[in-house]
Amino acid sequence: DIQMTQSPSSLSASVGDRVTITCRASHGIRNSLNWYQQKSGKAPELLIHTASTLQGGVPSRFSGSGSATDFTLTISNLQPEDFATYYCQQSYSTPRTFGQGTKLEIK
Amino acid sequence: QVQLVQSGAEVKKPGASVKVSCESSGYDISWVRQAPGQGLEWMGWINGYSVSTNYAPKFQGRVSMTTDKSTSTVYMELRSLRSDDTAVYYCARDLGGYGKLDYWGQGALVTVSS
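What counts, and at which threshold
- Residues numbered from 1 in each chain as written.
- Chains lettered and ligands numbered in written order.
- Predicted model: local features only at pLDDT ≥ 70, side-chain atom pairs only at ≥ 80, totals over all residues.
- Heavy atoms only, no water.
- Helix = DSSP H or I, 4+ residues; strand = E, 2+ residues; numbered from the N terminus.
- Rg over C-alpha atoms; globule rule 2.2 N^0.38 Å.
- Buried < 20%, exposed > 50% of the residue type's maximum accessible area, 1.4 Å probe, protein only.
- Contact = heavy atoms within 4.5 Å.
- Areas by Shrake-Rupley, 256 points an atom, 1.4 Å probe, with all protein chains shown as cover.
- Lys, Arg positive; Asp, Glu negative; His and termini not counted.
- Charge placed at Lys NZ, Arg CZ, Asp CG, Glu CD.
- Pairing = 2+ DSSP bridges.
- Axes fitted to C-alpha atoms, helices over the stretch in contact; angles between N-to-C directions.

Some thoughts on the overall build of chain A
For step 1, the next point in the chain: When helices and strands are tallied, chain A shows zero helices and eleven strands.
For step 2, the next point in the chain: The helix and strand sequence of chain A, counted from the amino end, reads β-β-β-β-β-β-β-β-β-β-β.
For step 3, the next point in the chain: For chain A, whose C-alpha radius of gyration is 13 Å, the value lies close to the compact-globule estimate of 13 Å for 107 residues.
For step 4, the next point in the chain: Along the longest, intermediate and shortest principal axes, the C-alpha atoms of chain A span 35 × 25 × 25 Å.
For step 5, the next point in the chain: Counting only residues that meet the buried cut, chain A has 49% of its 107 residues in that class.
For step 6, the next point in the chain: Contacts in chain A between residues at least 24 apart in sequence constitute 56% of all its contacts with a sequence separation of at least 6.
For step 7, the next point in the chain: By element, 44% of the accessible surface of chain A is carried by carbon and sulfur atoms, the whole surface being about 4900 Å².
For step 8, the next point in the chain: Charge separation in chain A, taken as the distance between the mean sites of 9 positive and 7 negative side-chain charges, equals 3 Å.

Next comes the structure, spelled out in structure tokens:
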């Protein structure tokens, strides 16, 4: 199985800040990397697919980059609704695997 | 408007089975679970015509995913339940099985307790 490792596990930031979350794959996965946002008690929502393509309806302050083994999710100009947990997931091979999550909290 | 509607919460005893449904409009579906306070775990995929399935090795032999085409409902059955199967079970649209989970159901909490 491909292991996905996110860092940091948690992050405190303020409204208006720019934050970056990193995801590393144990094997090269080309650009087969998706990012999800999950708010407390809710189902995850797809933010970005194929490493850098914004899902429809997702604000442009979200961006993704990377390929092979190293990927980043960047959120610019943090808004109150962005405080949530973020997961990366590889779609290169099965079983699909997720990172352990990064909890973004208000400072 | 894509909407996936799942069945409700269940309480089961260890060793029992649970069957969770997802009204899927014929879409290809992946199942993902989340134990309390934990991360996301992919269980497997079924195509909308129920011709193909792809189960995670961890669940192989204990999980079955099926489709009722007459009602456009997908089912996930997990057998020989243990306490560590307590989790919220989500269905998510996964067209072609490419792993892009673009729409999710609301989740169904399954509690395994004696």
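Section: the sheet that holds strand S7 (residues 62-67) of chain A
Residues and elements named next belong to chain A.
For step 1, the next point in the chain: Spatially, four strands are ordered S1-S3-S8-S7 in an open sheet, and the strand pairing comes out antiparallel. In this open sheet, the two edge strands, each paired with only one partner strand, are strand S1 (4-7) and S7. Geometrically, the sheet is characterised by an average inter-axis angle of 15 degrees between neighbouring strands, direction not taken into account.

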